[in-house]
Number of protein chains: 2
Amino acid sequence: MKFAIGIDLGGTTIKGAVMDSNGVVTNVTRVPTEADKGAPRVMENIVALIGDLIKASGKTPQDFIGAGVCVPGFVDENGIVVGGGEQIKGWTGTDIYTPIKNKYGFNVSAANDVTAVALAELMYGAGRGVNNIVCFALGTGVGGGIVTDGKLYKGTHGMAAEIGHIVVETNGLPCNCGQYGCVERYASATGIVNMAKHIVQLGSGWDDCELCKLIKTEPDAVTCKLIYELAAKGDKLALRVNEDACEMLGRAIGILMNTMAPDRVILGGGVMMAGDIILNEVKKTSANYCWPAIYERCEIVRAQMEEDAGVMGAGALAFEAFGG
Amino acid sequence: MKFAIGIDLGGTTIKGAVMDSNGVVTNVTRVPTEADKGAPRVMENIVALIGDLIKASGKTPQDFIGAGVCVPGFVDENGIVVGGGEQIKGWTGTDIYTPIKNKYGFNVSAANDVTAVALAELMYGAGRGVNNIVCFALGTGVGGGIVTDGKLYKGTHGMAAEIGHIVVETNGLPCNCGQYGCVERYASATGIVNMAKHIVQLGSGWDDCELCKLIKTEPDAVTCKLIYELAAKGDKLALRVNEDACEMLGRAIGILMNTMAPDRVILGGGVMMAGDIILNEVKKTSANYCWPAIYERCEIVRAQMEEDAGVMGAGALAFEAFGG
């Protein structure tokens, strides 16, 4: 059995683990990122965590094929951060590979955190058995990852799969990225909550709905999770919001199907805790935005990666690059 | 020097040639497809043409690394046509590899014709020196091809890069594919001519324009080529049509940049005979539909493949698969 170290760098916590080639994760460990103390300190914390993981596992550095590191932002082919991850002071320009290599002699592979989860899905989750997948991460924002011909597709400078910023509505809602009508504005947790509030603001006829009452009395208590709990109970406004979100998500899925003709489109992230209500709806809406011949050969399924998605993505990076 | 046979199967003509590993094409030969006589006859014609090419080149089958075949429709990894190419009777289900292999002992690689041209651009044209490209073929319709990590990306069942059917306008013009607002409806030669006529139909104020007069007097004489000739002379309606076409094309380019983060987007096909007037305009419009960090790292350039694009794409398929 071969082993890799997987490191998932977040804005507040660095999560690390030992992963074997079957995707079994052990020794999960969390340390503070200390993002405010700047990029060199963050790298020191990563290096120290790797040391702790080696020790905790009872192995030597030679027992590992290397390390995978998932980070916010974009990483080029030399392991240099080229942008993004603004929550970490001085992150752009950081060399991820050298400090780890120097300390443990490890081969290192790094990539954007959301992108790398697609590789974990391919190797250990909902993408097993196929070669071409597109993954959506429906969370606070919408991110994604693409696997082509069995390999994680990073794109030039590691920037591929910014699929949350696919424009799906002409003259749509303004997005932080400067565009209008990005799918992220409609199908992220934030977008879904905002849409619900917007519908109440615009129109009448929703007063009977529990969701409407909540929006009017306790707007800050309205979360995406709550909206889907109400949708499950048949709340009309919540169901309408789901329809709108799935219309927009379906447009993005259709575009990606036409572009990539993947075997599977995999939907994950916190929003997908809602499950079938989204899955069933986007299966309908995406069909309107995709060539039938491609649509009928592509499955839309739910992601299987859960709380360890990040470290598994990181471990998968190492196995893809150095697993032999 | 190594050699391959390249076959470009069209609805009326099969074009074949010998190509060396530098992309130099010789012995270009055309024979009728005889599409109406059905798929087996078409395959016989391809096999015979390959024989003629070997003979004409003065080489033996052993001098070739194999053959590449570009076809209308979609080809799976076993060389079986899985759909498309309806102009050839009984085309779906056709085995492209076996008859050629049986006759000459050749390795064969086949792909969709438009898709394969992207590989020729990568190896011999506007994609040289980079690994990730997206190619648009702006012709009667809009097709495309994608190269990821230096390899032609065919997608599952060979159906990738149907980028002409990316929906770029909410509730837009109806497309033959059943969708509304496909970029093909706006940025193909057909789409451009239809848009010009549509603008004249809808609004006044164009009567001074030569293009408007032509549309009113000789509508059937209006071609995309003519529109761009008039645009070059400053015809206001022609310039407006170009702006509209480039707005829609820019949306699709922006979506593909966000998805693929390619090194280059390459624009080819008959419409691009117009050249810089399109290139300069889409550089502006696509910026509105793409993350700035990705946009600034991606070039939009004109294709270099010309009349031999198809056979060079076919030859490139052979060199990619069997060139060693």
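We now turn to the structure provided with this report. Within each chain, residues carry numbers counting from 1 in the order of the written sequence. Following the order in which they are written, the chains are lettered starting with A and the ligands numbered starting with 1. Restriction of local features to residues with pLDDT of at least 70 applies here, the model being predicted, together with a cutoff of 80 or more for giving and counting side-chain atom pairs; totals for whole chains, interfaces and linings are based on all residues. For the side-chain quantities, the full set of heavy atoms in the structure was used; hydrogens and water were omitted.

### What to know about the packing of aromatic side chains
Residues and elements named next belong to chain A. What counts is decided by this rule: By convention, a stacked pair of Phe, Tyr or Trp rings (six-membered ring in the case of Trp) has centres within 6.5 Å and planes under 30 degrees apart, an edge-to-face pair has planes over 60 apart, and any other such pair is tilted. Cation placement over rings: the criterion is NZ of Lys or CZ of Arg within 6 Å of the ring centroid and within 35° of the ring normal.
Taken as a whole, this structure holds six aromatic pairs over all chains when the rule is applied. With a centroid separation of 5.7 Å and an interplanar angle of 40°, the aromatic rings of Tyr104 and Phe106 are classed as tilted. A network of ring pairs unites the aromatic residues Phe64, Tyr104 and Phe106 as a single cluster. Above the plane of the ring of Phe3 lies Lys59, whose end atom (NZ or CZ) is 3.9 Å from the centre.

### A short note on the relation of the copies chain B and chain A
The criterion, for reference: The copies are overlaid by a least-squares fit using only the C-alpha atoms of residues whose pLDDT is at least 70 in both copies. Here, residues are in contact when the closest pair of their heavy atoms is within 4.5 Å.
The transform that puts chain B on chain A rotates by 180° and translates by 0.0 Å along the axis, for an RMSD of 0.0 Å. Taken together, the rotation and translation relating the two chain copies correspond to the operation of a two-fold axis. Residue Thr170 of chain B of chain B places its C-alpha closer to the rotation axis than any other residue of that unit, at 2.9 Å. Mapped onto chain A, 100% of the interface residues of chain B again fall at the interface, so both copies present the same surface.

### Side note on the pairing of strand E3 (residues 25–32) of chain B
Residue and element names in this part refer to chain B. The cut-off we apply is this: In this description, strands pair whenever DSSP reports at least two bridges between them. Per the convention used, a helix needs a DSSP run of H or I reaching at least four residues, while a strand needs a run of E reaching at least two, with both numbered from the N terminus.
With six bridges connecting them, strand E2 (residues 13–20) and E3 associate as antiparallel partners. Within the sheet, the bridge partner assigned to Val18 lies in E3 and is Thr26. Here E2 hands over to E3 after four residues, with Gly23 in that stretch at a positive phi of 85°.

### Details of the interface of chain B and chain A
Using the following cut-off: In this description, buried area is defined as the sum, over both parts, of the accessible area (probe of 1.4 Å) that is lost when the two are combined. Think of a polar contact as two N or O atoms within 3.5 Å of one another; within protein, one of them needs to be a possible hydrogen donor and the other a possible acceptor, and neighboring residues in sequence only count if both atoms come from side chains. Think of it as three bins: nonpolar holds Ala, Val, Leu, Ile, Met, Phe, Trp, Tyr, Cys and Pro, charged holds Asp, Glu, Lys and Arg, and polar takes everything else, Gly as well.
Between chain B and chain A, the contact holds 41 residues from the first and 41 residues from the second. Interface area for chain B against chain A, summed over the two sides, is near 3,400 Å², with a carbon-plus-sulfur share of 56%. Inspection of the chain B/chain A interface yields 24 residue pairs in polar contact (both at pLDDT 80 or more). Put simply, the parts of the chain that give the side of chain B that touches chain A at least two residues each are strand E9 (142–148), helix H8 (236–260) and helix H10 (292–295) of chain B. Here the side of chain B that touches chain A is composed, by residue class, of 24 nonpolar, eleven polar and six charged.

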